[in-house]
Amino acid sequence: MSPSMDGAGDTRLGRAKATADALLTNIETVVYGKTDRIQLVLAALICRGHVLFEDVPGTAKTVLARAIAGSIEGATVTRVQCTPDLQPLDVTGLSVYNQQSRAFEFHEGPVFANIILVDEINRAMPKTQSALLEAMAERQVTVDGAPRTLPDPFLVLATENPIEQEGTFPLPEAQLDRFFLKTDLGYPSIDEEVTILRDQRAHHPLSDLRPVVPLDAVRDLELALEDVYTDELLLRWIVEIVEATRDAEHIALGASVRASLALEHTARAWALLHGRDFVTPEDVAVLFLPVIGHRVVFTPTFVAEHRAEGRDAALEEFQRLVFAQVPRPEPSDERELKVLSSYSG
C-alpha cells in the first residue's frame, strides 16, 4: 500500500480526497477553528452514520448543518426543535385527506431531507425518539403502515444539552449505540469569536456560501471508502479494544459489535480525509473516544471517583486503562511496519 494519495487525483480515492477537501474548506469559511470536529462529521457522512453533539447552546451546530448542506449542490437541510409535546408525525409527516381528489395525500415531515439537525433530542418523548431511531437505522420511516425511503445522502446531527436536565428523556443505551460518534463543537477562541463578531456585522456568512460539490460526489465518497486498507493486525486490535470494554471492572455495560464496525469504518474515513489509503494505529487511537465513549456505561464507583474532574476526565482515564490492557500491535515485517507507522502527513 502506498503511504499517501499524493498524485492520485485520477483515482477514485484521489477524487474522493479532493471532494472532502473542497467540503472542508467551504465549511470552514463559516465555522471557524473546528477542523477536527468538522472532519469527524464528514467521516460520519462518508460512513452513512449520524452524530450526537453534547454541547451548550450557541456553538454553531445549526450553522454547521446548514454549511454542510449549502456546500453540496442540491442538498436539503431541515431543523427539528424537540419538545415534550413533539409527536412522531411531526417528524415523519402524515397523510391528509384531500376533499377535491377524495384521497389521502402524504405530506412529508422534516425528516425528508439530506441533513437534519435534531435540536435537544433528549427533550422529545420516547415514542418520538423511536421514530427518529427508525429513520437513522433504516433510512426510512413507516407512516400508515407504509415504508417511505428517505433521501440519500442522509445525515442526522442531533444535540443534547449537558446543563439542563429538567423535562428531558435521557436516550437509552440502545439508541445511543445508533449514533456513529459523539462529539462537541465547544466555544471558539477569543480571536475566533472576534472574527465572528466582525463577519456578522452586516449579514451572516452563510448567505454567501455556495455549493462546491454535486450530490453524486458525496455518494462517490462512500464508495471510495472501499479502497482504504485496514491491516489484519489493526482489525484484531480494534476487536480486542472493544472486547476490553466489556470485561473492564469499571464498566457496567461495554461496547457492542456495532462499535467495532463503527470504529473500523470511521478509521478508514479518517485515513481518507488525511490523504492516506490505509489505516494507522493513530487513527484508531484518535477516534476511540468519539466512537466508543458514548456506548459504554461506567460503574457508579468509577463515576464517583471522577465526579470532581468531570466526565471528560473519566473518559480519558477509561481510554488509558483500555489501551494499557490492549497495547498497540507490534509489526512483524517491513510491510506491517509501514502500515502501522504513525503517519501524520
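Calculation rules
Residues numbered from 1 in each chain as written. Predicted model: local features only at pLDDT ≥ 70, side-chain atom pairs only at ≥ 80, totals over all residues. Heavy atoms only, no water. Helix = DSSP H or I, 4+ residues; strand = E, 2+ residues; numbered from the N terminus. Rg over C-alpha atoms; globule rule 2.2 N^0.38 Å. Buried < 20%, exposed > 50% of the residue type's maximum accessible area, 1.4 Å probe, protein only. Contact = heavy atoms within 4.5 Å. Areas by Shrake-Rupley, 256 points an atom, 1.4 Å probe, with all protein chains shown as cover. Lys, Arg positive; Asp, Glu negative; His and termini not counted. Charge placed at Lys NZ, Arg CZ, Asp CG, Glu CD. Core = buried A, V, L, I, M, F, W, Y, C linked by side-chain atoms within 4.5 Å. Pairing = 2+ DSSP bridges. Axes fitted to C-alpha atoms, helices over the stretch in contact; angles between N-to-C directions. Expected span 1.5 Å × (residues − 1). Phe/Tyr/Trp six-rings, centres within 6.5 Å; stacked < 30°, edge-to-face > 60°. Lys NZ or Arg CZ within 6 Å of the ring centre and 35° of its normal. Salt bridge = Lys/Arg side-chain N within 4 Å of Asp/Glu carboxyl O.

Colleague: Mind showing me how you'd approach the overall build of the chain here?
Modeller: Secondary structure assignment for the chain yields 14 helices and 13 strands. Taking 2.2 N^0.38 as the reference for a compact globule, 345 residues should give roughly 20 Å; the C-alpha atoms of the chain span a radius of gyration of 21 Å, in line with that estimate. Overall size of the chain, expressed as C-alpha extent along the three principal axes, is 75 × 55 × 45 Å. Taken across its 345 residues, the chain has 49% of its residues classed as buried. Partitioning the contacts of the chain with sequence separation of at least 6, the portion at a separation of at least 24 is 77%. Of the roughly 16,400 Å² of accessible surface on the chain, a fraction of 52% belongs to carbon and sulfur atoms. For the chain, the distance from the average position of its 32 positive side-chain charges to the average position of its 53 negative side-chain charges is 3 Å.

Colleague: When you look at the nonpolar core in this model, what are you seeing that I'm missing?
Modeller: Judged by nonpolar contacts, the single largest core of 77 residues is most densely connected at L64, I68, L157, I292 and F318. Element by element, the count of residues in this core is highest for helix α10 (residues 257–273), at nine residues. If we ignore the near neighbours within four places in the chain, the residues touching F318 are T245, H250, I251, F288, L289, I292, V296, F298 and F302. If you look at the next biggest cluster of nonpolar residues, it comprises 24 residues, including L86, V111, A113 and M136.

Colleague: Is there a simple way to explain the sheet that holds strand β6 (residues 115–119) in this structure?
Modeller: Strands in a sheet are paired, the pairing made by backbone hydrogen bonds, and the direction either parallel or antiparallel. Strands sit in the order β3-β6-β9-β1-β10 across an open sheet of five strands; the sheet is parallel. Each edge of the open sheet is held by one strand with a lone partner, namely β3 (77–81) and β10 (181–183). Looking at each pair of strands side by side, their axes are set apart by 20 degrees on average, direction ignored. Bridge count between β3 and β6: five bridges; the pairing is parallel. For V77, the partnering residue across the bridge sits in β6 and is I115.

Colleague: Would you mind showing me how to read helix α5 (residues 126–138) here?
Modeller: Its 13 residues place the ends of α5 18 Å apart at the C-alpha level, agreeing with the 18 Å of an ideal helix rising 1.5 Å per residue. Packing partners of the buried residues in α5 comprise α4 (88–92), β6, β7 (140–143), β9 (155–160) and α6 (173–176).

Colleague: Would you take a moment to explain the packing of aromatic side chains for this structure?
Modeller: We describe a pair of aromatic rings using the distance from one ring centre to the other and the angle between the two ring planes. All chains considered together, the criterion is met by seven aromatic pairs. A centroid spacing of 5.8 Å and a plane angle of 70 degrees characterise the contact between F106 and F112, whose relative ring orientation is edge-to-face. On the basis of an interplanar angle of 35 degrees and a centroid distance of 5.5 Å, the ring pair of F288 and F318 is categorised as tilted. In this pair, F288 is assigned in helix α11 (residues 281–292) and F318 in helix α13 (residues 311–325), connecting sequence segments 30 residues apart. Each member of the pair, F288 as well as F318, carries the same accessibility label: buried. Through a chain of ring-to-ring contacts, the aromatic side chains of W237, F288, F298, F302, F318 and F323 assemble into a single cluster. Taking the ring centre of F106 as reference, the NZ or CZ of R148 above it sits at 3.9 Å.

Colleague: In this structure, what is going on with the pattern of salt bridges? I would like to understand it.
Modeller: Evaluation of the coordinates by the stated rule reveals 21 salt bridges. In this structure, R12 engages E226 in a salt bridge whose closest nitrogen and oxygen atoms are separated by 3.6 Å. Within this pair, whereas R12 is found in helix α1 (residues 12–27), its partner E226 is found in the loop between α8 (215–224) and α9 (232–247), the two being separated by 214 residues in sequence. With its nearest N and O atoms 2.8 Å apart, the salt bridge here joins R320 to E317. Of this pair, R320 and E317 both sit in helix α13, three residues apart, roughly one helical turn. According to the relative accessible area criterion, R320 is partly exposed, its value standing at 47%. Salt bridges linked by common partners bring R48, R139, D152, D216, R219 and E222 together as one network.

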